[in-house]
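For reference, the chains in residue letters:
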Amino acid sequence: MKTVGIIHLPVISDPRGNLTVIEGDNHIPFSIARVYYLYDVPGGSERGAHAHKRLEQFIVAVSGSFDVLVDDGTKQTNHHLNRSNYGLYLPSMTWRSMDNFSSGSVCLVLASARYDEEDYYRNYDDFKRACGLI
Ligand code: T46
């Protein structure tokens, strides 16, 4: 069973600057079908607050920092992301919300499938019901 976790990425150091690479099905445990990023996030904003039925994602703070609060329906864990050489893997059926975005932060998300609104649980009770917890 796939679990939430931090994945450290390769860093190719060079006097010209560092390079980090992410290959699907190699550095992260899924093929990459979609890439999107959050930026110009106003201070105090919260994003996310939903879960996905099938989608897997990998989240990297490529600039600045933010918090990702992860909830499997029974317990919550907070992850502070603040470096571009690691990220947070989120399997399907994981409730997540993101806040505490620093000024100028950029949140890069790699996703295992194209956008599909039908894949979302946007109501927490629906998510818990699908987990068999209520
Ligand atoms: C997640 C967090 C980290 C699209 O049209 N295509 C897309 O690929 C995405 C991600 C969103 N949208 C539309 C759907 C909404 O009308 O953009 C609007 C904002 O989406 P949402 O409110 O879901 O954005 P966030 O930042 O709350 O959540 C997103 C992802 O949806 C989600 O999977 O894990 O970023």
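This report concerns the structure included in the present document. None of these values were measured; they are calculated from a predicted model. (Residues numbered from 1 in each chain as written. Predicted model: local features only at pLDDT ≥ 70, side-chain atom pairs only at ≥ 80, totals over all residues. Heavy atoms only, no water.)

Comments concerning the pattern of salt bridges
Part 1 of the argument: Applying the stated criterion across every chain yields a total of 6 salt bridges.
Part 2 of the argument: Between Asp14 and Arg16 there is a salt bridge, with the nearest N and O atoms lying 2.8 Å from each other.
Part 3 of the argument: A relative accessible area of 27% places Asp14 in the partly exposed class.
Part 4 of the argument: Using a relative accessible area of 77% as the deciding quantity, one classes Arg16 as exposed.
Part 5 of the argument: Residues Asp126 and Arg129 are paired through a salt bridge, measuring 3.0 Å at the closest nitrogen-oxygen approach. Residue Asp126 and its partner Arg129 are located together in helix α1 (residues 124-130), separated by 3 residues, close to a single helical turn. (Salt bridge = Lys/Arg side-chain N within 4 Å of Asp/Glu carboxyl O. Buried < 20%, exposed > 50% of the residue type's maximum accessible area, 1.4 Å probe, protein only. Helix = DSSP H or I, 4+ residues; strand = E, 2+ residues; numbered from the N terminus.)

Focus: the packing of aromatic side chains
Here the distance between the centres and the angle between the planes together describe a pair of aromatic rings.
Part 1 of the argument: Following the criterion strictly, the structure yields 8 aromatic pairs and no others.
Part 2 of the argument: An aromatic cluster is defined as three or more aromatic residues linked by ring pairs; in this entry it consists of Trp95, Tyr121, Tyr124 and Phe127.
Part 3 of the argument: Lys53 extends its terminal NZ or CZ atom over the ring of Tyr121, reaching a point 5.2 Å from the ring centre.
Part 4 of the argument: Looking at Arg122, its charged tip hangs above the ring of Tyr120, at a distance of 4.0 Å from the centre. (Phe/Tyr/Trp six-rings, centres within 6.5 Å; stacked < 30°, edge-to-face > 60°. Lys NZ or Arg CZ within 6 Å of the ring centre and 35° of its normal.)

What to know about the site of the ligand
Part 1 of the argument: In the region of the ligand, 13 residues are neighbours, and Arg34, Gly48, His52, Gln57 and Tyr120 sit closest.
Part 2 of the argument: Here an oxygen atom of the ligand sits 2.7 Å away from a polar atom, N or O, in the side chain of Gln57.
Part 3 of the argument: Alone, the ligand offers 650 Å² of accessible surface; in the complex the protein occludes 68% of this.
Part 4 of the argument: Elements with a contribution of two residues or more to the shell around the ligand: β4 (34-38), β5 (47-52) and β10 (95-99).
Part 5 of the argument: Among the elements that take part in the shell around the ligand, β5 stands out by supplying 4 residues, more than any other.
Part 6 of the argument: For the shell around the ligand, the per-class residue count stands at 5 nonpolar, 4 polar and 4 charged. (Near = heavy atom within 4 Å. Polar contact = N/O pair within 3.5 Å; in protein donor to acceptor, adjacent residues only side chain to side chain. Areas by Shrake-Rupley, 256 points an atom, 1.4 Å probe, with all protein chains shown as cover. Nonpolar A, V, L, I, M, F, W, Y, C, P; charged D, E, K, R; others polar.)

Describing the nonpolar core
Part 1 of the argument: By size, the foremost hydrophobic cluster in this structure holds 15 residues, and its most contacted members are Ile59, Phe66, Val68, Leu81, Met98 and Cys107.
Part 2 of the argument: When contributions to this core are tallied by element, the ones reaching two or more residues are β6 (57-63), β7 (66-71), β9 (86-90) and β11 (106-111).
Part 3 of the argument: Setting aside residues no more than four positions away along its own chain, Phe66 makes contact with Ile59, Val60, Ala61, His79, His80, Leu81, Met98, Asp99, Asn100, Phe101, Val106 and Cys107.
Part 4 of the argument: Among the nonpolar cores identified, the runner-up in size contains 9 residues, and Leu9, Val60, Tyr89 and Leu108 belong to it. (Core = buried A, V, L, I, M, F, W, Y, C linked by side-chain atoms within 4.5 Å. Contact = heavy atoms within 4.5 Å.)

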